[in-house]
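A structural walkthrough
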Amino acid sequence: MNADGRTRLNRTPEWTALAKHREQLGEVRLRELFAADPGRGSGYTLQVGDLHIDYSKHLVTDETLRLLRELAAATDVFGLRDAMFRGEKINTTERRAVLHTALRAPRDAVVEVDGENVVPAVHAVLDRMADFAERVRSGAWTGHTGQRIRNVVNIGIGGSDLGPAMAYEVLRSYTDRDLTVRFVSNVDGADLHEALRDLDAAETLFVVASKTFTTIETVTNATSARNWLLRELNTGQEAVARHFVALSTNAEKVADFGIDTANMFEFWDWVGGRYSYDSAIGLSLMIAIGPARFQEMLDGFRLVDEHFRTAPPEANAPLLLGLLGIWYNNFHDAQSHAVLPYSHYLSKFTAYLQQLDMESNGKYVGRDGQEVDWQTGPVVWGTPGTNGQHAYYQLIHQGTKLIPADFIGFAEPVAELDDELKAQHDLLMANFFAQTQALAFGKTPDEVRAEGVPEELVAHRTFKGDHPTTTILARELTPSVLGQLVALYEHKVFVQGAVWNIDSFDQWGVELGKVLAKRVEPALTEGADVPGLDASTRALVAKYRELRGR
Ligand code: F6P
């Protein structure tokens, strides 16, 4: 029994039924599943907005899917979903509502937190962002010396970096190409150095993004950026107001830093960092693509929110993707999940999803405070597909691990490409389709022999197949499609956290390292004796100081 009175997840009849079903299915063969059901290729698909989702190449039958949906019902995934949309404090360890969905709610929607409708505040900030973004884009907002802003440097880390940096990359062809937009996150001074080395301070706007405004990496980089600006412009603090804006929930700390709170764009504690790039945290992106495109992206998010909120279980894409992940994670012992986009523009998408998924569901303590005794979030990894094919796909095809993967591709190349480069798109997509085919169906020893391969190489050249993949295909990579994709993954992560009975919205696991770093720093800089430092770290610190000649 859970501490909250619920039956332990892995003791529920629904879990036990799935475990039994897994045993009965044994080593299910995709070739056989397709042979038995000629309609599988088109039947095991869903359309959500612009996203065509094909889940036919999964090691599941109708019965598997039915049992998985029963598990979702038993764990009340939809009950928790409704509580989230209603603004209830489902982030129990931080006693907070979880309302990233309110960030894309229409102007006339009502979403209440503690009895107050938050939608007007959301739109007030969006309006201020739009006004500011237009002023920067048009040149009406100038720097301290009266020059037009041509460079935007976003300083933030984690959710205050990965989202906008990813989306900026994805939507590059929609950006104002006359603006240079860079993202600095690492406290390694090299990051800021490389971002600033060729910029003119008079034309540079810093967007300091931090929910808490206490994150040491961001505050340190922002301080160095401010010093650089004042040095370069040879002025005093008065220049800061035209060159620094803040995106935060913490007006007090923003003011302490020296940024005029009139230049602060607000968000709220019910927006988690990794769920925040459609809040004020998206300002750099909005400056780059313009408010209209930003709104299209929000509309894409909303479309999938509505789908998740209203679609029945059989046709609910985030539910389905979440449950498929649970099938492999908990009933096939899969340790990881690959996300493999076939679009150069999605090069940062998987890194973004790593935070979304791993910071949300990398937990071993349940919502009831008890340790779970089932596997929770997988390791999420991947890079754009064609590059991966020549690097690590070998292991996916012929290694000893089961690695479920999502393949994301588009029918149309990006409009900006010239005709010759557009013509390469079919080759890209031929690879996309070929890979999921090879992963699913492999090549039997007989097929290898029939090609005249010498007997001693037959085993080496055999592909067992049965590597499960989801294919997500859309016509074009637009701002709306990006919003749809991100919301799809946000809700998939939600579904899994709900089933595993963990709080997907806190992140206590990052705290210890932060505290220890603060403690260790004086040992590095001053050789201070840090009480309680373990023998290994003490020796490493001594070595570091020796190498630095201290
Ligand atoms: O890594 C922990 C974390 O709190 C993330 O959840 C968050 O996105 C990141 O740090 C940055 O936090 P902030 O926006 O408060 O600077």
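Residues numbered from 1 in each chain as written. Predicted model: local features only at pLDDT ≥ 70, side-chain atom pairs only at ≥ 80, totals over all residues. Heavy atoms only, no water.

Looking at the UniProt feature "active site" (unreviewed entry) in the protein
So the rule is basically this: UniProt positions are given in the numbering used here, feature names are shortened, and annotations may be inferred rather than shown by experiment. Helix and strand labels come from DSSP, where a helix needs a run of H or I of at least four residues and a strand needs a run of E of at least two; each type is numbered from the N terminus. In what follows, a contact means two residues having at least one pair of non-hydrogen atoms within 4.5 Å. Pairing of N or O atoms within 3.5 Å defines a polar contact, subject to two protein rules: one partner must be a possible hydrogen donor and the other a possible acceptor, and residues neighboring in sequence count only if both atoms are side-chain atoms.
Per the UniProt entry, the sites bearing "active site" (unreviewed entry) are Glu359, His390 and Lys514 in this numbering. The greatest C-alpha distance among the residues just named is 37.0 Å, and with 156 residues of sequence between them they are spread in space as well. Structurally, Glu359 is set in helix 15 (residues 349–361). In this structure Glu359 touches Arg274, Gln354, Asp506, Gln507 and Val510, once residues within four positions along its chain are discounted. A distance of 2.9 Å separates a polar atom in the side chain of Glu359 from a polar atom in the side chain of Arg274.

Overview of the pattern of salt bridges
The condition that has to hold: What makes a salt bridge here is a side-chain nitrogen of Lys or Arg within 4 Å of a carboxyl oxygen of Asp or Glu, nothing more.
All chains considered together, the criterion is met by 32 salt bridges. Taken together, the shared-partner salt bridges in this structure form one network comprising Arg104, Asp278, Asp305 and Glu490.

Quick word on the packing of aromatic side chains
Each aromatic ring pair is characterised by the separation of its centres together with the angle its planes make. Defined as follows: Between the rings of Phe, Tyr and Trp (Trp by its six-membered ring), a pair exists once the centres lie within 6.5 Å; its type follows the angle of the planes, with under 30 degrees stacked, over 60 edge-to-face, and the other angles tilted. Note on classification: 1.4 Å probe, protein chains only; a residue is buried when its accessible area is under 20% of the maximum for its type, exposed when over 50%, partly exposed between these limits. Each ring is checked for a lysine NZ or an arginine CZ that lies within 6 Å of its centre and within 35 degrees of its normal; such an atom marks a charge sitting over the ring.
Under the counting rule described, the total for this entry stands at 27 aromatic pairs. Pairing Phe206 with Trp228 gives two aromatic rings, centres 5.9 Å apart and planes at 85°, and the pair type is edge-to-face. Of this pair, Phe206 sits in strand 7 (residues 204–209) while Trp228 sits in helix 9 (residues 216–233), placing them 22 residues apart in sequence. As far as the burial class goes, Phe206 and Trp228 line up, both buried. Their ring planes at 20° and their centres at 5.6 Å tell us that Tyr342 and Phe407 sit as a pair that is stacked. On the criterion of sequence distance, the pair formed by Tyr342 in the loop between strand 10 (336–341) and helix 15 and Phe407 in strand 12 (residues 405–410) is long-range, its members being 65 residues apart. With respect to class, Tyr342 is no different from Phe407; both count as buried. An aromatic cluster is defined as three or more aromatic residues linked by ring pairs; in this entry it consists of Tyr342, Trp381, Tyr392, Tyr393, Phe407, Phe432 and Phe433. The ring centre of Phe78 lies 3.8 Å from the NZ or CZ of Arg81, which sits over that ring. Its guanidinium or amino end placed over the ring of Phe257, Arg226 lies 4.3 Å from that ring's centre, counting from NZ or CZ.

Section: the nonpolar core
The condition that has to hold: Residues enter a nonpolar core if they are buried and are Ala, Val, Leu, Ile, Met, Phe, Trp, Tyr or Cys, with the set joined through side-chain atoms within 4.5 Å.
Counting residues in each nonpolar core, the largest one holds 126 residues, and the members touching the most others are Trp270, Tyr277, Phe349 and Leu482. Ranked by residue count, the leading element in this core is helix 22 (residues 479–500), at 13 residues. Non-local contacts of Tyr277, meaning those with residues more than four positions away in its chain, are made with Gly163, Pro164, Met166, Ala167, Gly282, Leu285, Phe294, Met297, Phe301, Tyr352, Leu482 and Val486. Counting residues in each nonpolar core, the second largest holds 26 residues, with Ala195, Leu199, Ala202 and Leu233 among its members.

A short note on the environment of Ala73
Tracing the backbone shows Ala73 in helix 4 (residues 62–74). Taking the C-alpha atoms as reference, Ala73 lies 56 Å from Leu229; in sequence the two are 156 residues apart.

Examining the sheet that holds strand 1 (residues 45–48)
Cut-off, in case you're wondering: At least two DSSP bridges between two strands are required for those strands to pair. Every axis corresponds to a line fitted to the C-alpha atoms, with the helix fit spanning only the stretch in contact, and the corresponding angles, defined between N-to-C directions, vary from 0 to 180 degrees.
Pairing is mixed in the open sheet, where six strands are placed in the order 1-2-13-12-10-11. Looking along the sheet, the strands with just one partner apiece sit at the ends: strand 1 and strand 11 (379–381). For this sheet, the mean angle separating the axes of adjacent strands, direction not counted, is 15°. Taken together, the four bridges between strand 10 and strand 12 define a ladder with parallel strand orientation. Across the sheet, residue Ala338 finds its bridge partner in strand 12, namely Ala405. Running over the sheet, helix 15 touches strand 10, strand 11 and strand 12 and is turned about 165° from strand 11. Running over the sheet, helix 19 (residues 425–441) touches strand 12 and strand 13 (469–474) and is turned about 155° from strand 12.

Looking at the site of the ligand
In plain terms, the rule: Nearness of a residue to a molecule or strand requires only that one of the residue's heavy atoms be within 4 Å of it. The method behind every accessible area is Shrake-Rupley, applied with a 1.4 Å probe, and residues are considered shielded solely by the protein chains displayed.
The environment of the ligand is formed by 13 residues, the closest being Ser160, Ser210, Thr212, Thr215 and Glu359. At 2.7 Å from an oxygen atom of the ligand is found a main-chain nitrogen or oxygen belonging to Lys211. In this structure, Gln355 approaches the ligand through a side-chain N or O atom, which is 3.2 Å from an oxygen atom. Protein burial of the ligand: of its 390 Å² of free accessible surface, 88% is covered by the chains.

A look at the packing of helix 5 (residues 77–86) against helix 13 (residues 291–310)
Which entries qualify depends on this criterion: Oblique is the label for any angle not covered by the other classes, which are roughly parallel (under 35 degrees), roughly antiparallel (over 145) and roughly perpendicular (65 to 115). Two helices crossing with the near one rotated counterclockwise from the far one by less than a right angle form a left-handed crossing, whereas a clockwise rotation gives a right-handed crossing. Residue classes follow a fixed rule: Ala, Val, Leu, Ile, Met, Phe, Trp, Tyr, Cys and Pro count as nonpolar, while Asp, Glu, Lys and Arg count as charged, and any other residue, Gly among them, counts as polar.
Between helix 5 and helix 13, whose axes approach to 10 Å, the crossing angle comes to 135°. Classified by the interaxial angle, the pair formed by helix 5 and helix 13 is oblique. Considering only the axes of helix 5 and helix 13, their crossing is left-handed. Each of Phe78, Arg81, Met84 and Phe85 in helix 5 lies in contact with helix 13, whose residues at this interface are Asp305, Phe308, Arg309 and Thr310. In terms of residue class, the contact of helix 5 with helix 13 is built from four nonpolar, one polar and three charged.

Considerations on the environment of Val181
Secondary-structure assignment places Val181 in strand 6 (residues 180–184). The spacing of Val181 and Asn154 is 27 residues in sequence and 7.6 Å in space, taken between C-alpha atoms. Not counting the four nearest positions on each side in its chain, Val181 is found in contact with Val152, Tyr168 and Ala288.

Considering the pairing of strand 13
Judged by how many residues are buried, strand 13 sits mostly within the fold: five of six residues are covered. By the bridge criterion, three bridges tie strand 2 (residues 51–54) to strand 13 in an arrangement that is antiparallel. Across the sheet, Ile53 pairs through a bridge with Ile472, a residue of strand 13. Across six bridges, the pairing between strand 12 and strand 13 is parallel. Looking at strand 13, one finds that Asp406 is bridged to Thr470.

Some words on the sheet that holds strand 6
Strands sit in the order 6-5-7-8-9 across an open sheet of five strands; the sheet is parallel. Looking at strand neighbours, the two that pair on one side only are strand 6 and strand 9 (264–266), the edges of this open sheet. Within the sheet, the average angular offset between the axes of one strand and its neighbour, ignoring direction, is 20°. Here strand 5 (residues 151–155) pairs with strand 6 via five bridges, running parallel. Opposite Asn154, over in strand 6, you have Phe183 as the bridge partner. Together, strand 7, strand 8 (244–248) and strand 9 form the strand contacts of helix 6 (residues 119–138), whose direction differs from that of strand 9 by roughly 145°. Most of the contacts of helix 8 (residues 189–196) go to strand 6, to which it runs at about 175°, and overall it touches strand 5, strand 6 and strand 7.

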